[in-house]
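Architecture at a glance
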Amino acid sequence: MCSSVCVRDTPAFVSNENTVRAGGEAGDSGGHAPATTSGGGGGSATASMTPATSTVGGPTTAPGTVPSGPGGSALVNDNMGVSVHHLQNSLLPRCQKRFAQRASNGELKSQDGKALEVHEGTIWHMVKYHIKPVTSRSHESYVNYLATLQHMKYDESDDANDNPINHVGRAHFMLSYSWSYRVTDVVSALVDWCERRQLDPKRTYVWICSLCVNQHALQSDEPAHSLAATFQGRVDTISTILPLMIPWTAPESLTRLWCLFEYHVAVSKKKRVDVLFTPDDAKALASVLQSDGTSEPSISRAVNAAGFETGVAARDTDAAFIRKYITDNGGAQMLNAVVRGKLNKAFLNF
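Read on for an overview of the structure. Keep in mind that this is a model prediction, so the values were computed, not measured.

1. Examining the pattern of salt bridges
Considering all chains together, one arrives at eight salt bridges under this definition. Among the salt bridges present, the one from aspartate 328 reaches lysine 324, with a minimum N-O distance of 2.7 Å. With aspartate 328 and lysine 324 both in helix H10 (residues 316–328) and four residues apart, this pair spans about one turn of that helix. Taking the relative accessible area as the measure of exposure, aspartate 328 reaches 51% and is therefore exposed. Looking at lysine 324, the relative accessible area reads 51%, which means it is exposed.

In structure tokens:
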């Protein structure tokens, strides 16, 4: 997921905001939502929806349409994911419109308060300025929200009866990323990956914490063990974890404990690991691979940044939980070897 479903990726500049990111660390790019406190509906009611049955590139039944409703649990994980087609043709253009509005008012800012251009808007900005507003009435996850729009236009190129399975379906992939990543980079990396893997963007559904977790129900004090259990359950239902490496020479996510935890759990469960890069980074890596054969030194430098003993988390309680996990599962040295070995192969085979 982004580093999964937790409060792990919250940039420092949002620490006083009322928003909690699913699975992120403050300022971390460990594939999770920025840690902020959720503004609405923190009830115990469980969101439900009939999952779609699908296979990438194959027939898919229409997703169920049972909305979660106000107060739904943020950590309810059904099998729904958002298609890469939707990310590219609907979500990204809408986010850019929102960012343009905020930028014109001087509200689109970086962690240090610097004014940002529209293309620099991050996942955190996306959640705050687009995801939470469009789901504010139903207080549900974005993916559930999409599944209820059976007769709505998803993007400008669609007609009013566009097939919903072009946008929502059963997820076979889970993105591990950081909320500090730019929306444009995340989307372009997934589009480029589909092209390289010859996958149909309309039938390639990805579980992304910021879109598939109810952002209105997440709490900043969510127990680490609950977040970890949610993530582990999610890993069971997907076939492949997709670590997004930005920049490829020194991926931020490899310094985030929640991301490292995700990678190790995925490897332990024998899940495939397929690394993602922005198009520019993919070209740069391909050039390096061609220039020195295996590019082992360059890749090793990048992968060796992964370190459980030096990784960071936004909350002390999260760090303590993951460090106990490290101790209980063979220690940092062994876990580092497992994660680094798998990532090294993934880099070479990207």
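2. Considerations on the sheet that holds strand E4 (residues 205–207)
The mixed open sheet is built from six strands, whose spatial order is E2-E1-E4-E3-E5-E6. This sheet does not close on itself; its edge strands, each paired only once, are strand E2 (168–170) and strand E6 (272–273). Two strands pair when backbone bridges link them, and strand E1 (residues 80–83) and E2 are joined in this way by three bridges, in the antiparallel orientation. Among the inter-strand pairings, valine 82 is bridged to a residue of E2, identified as valine 168. Along the sheet, helix H4 (residues 183–197) contacts strand E3 (173–176), E4 and strand E5 (240–243); its crossing angle with E3, the most-contacted strand, is approximately 140°. Across the sheet, helix H7 (residues 257–268) lies against E3, E5 and E6, angled at about 150° from E5, the strand it touches most.

Cut-offs used in this document
- Residues numbered from 1 in each chain as written.
- Predicted model: local features only at pLDDT ≥ 70, side-chain atom pairs only at ≥ 80, totals over all residues.
- Heavy atoms only, no water.
- Salt bridge = Lys/Arg side-chain N within 4 Å of Asp/Glu carboxyl O.
- Helix = DSSP H or I, 4+ residues; strand = E, 2+ residues; numbered from the N terminus.
- Buried < 20%, exposed > 50% of the residue type's maximum accessible area, 1.4 Å probe, protein only.
- Pairing = 2+ DSSP bridges.
- Contact = heavy atoms within 4.5 Å.
- Axes fitted to C-alpha atoms, helices over the stretch in contact; angles between N-to-C directions.

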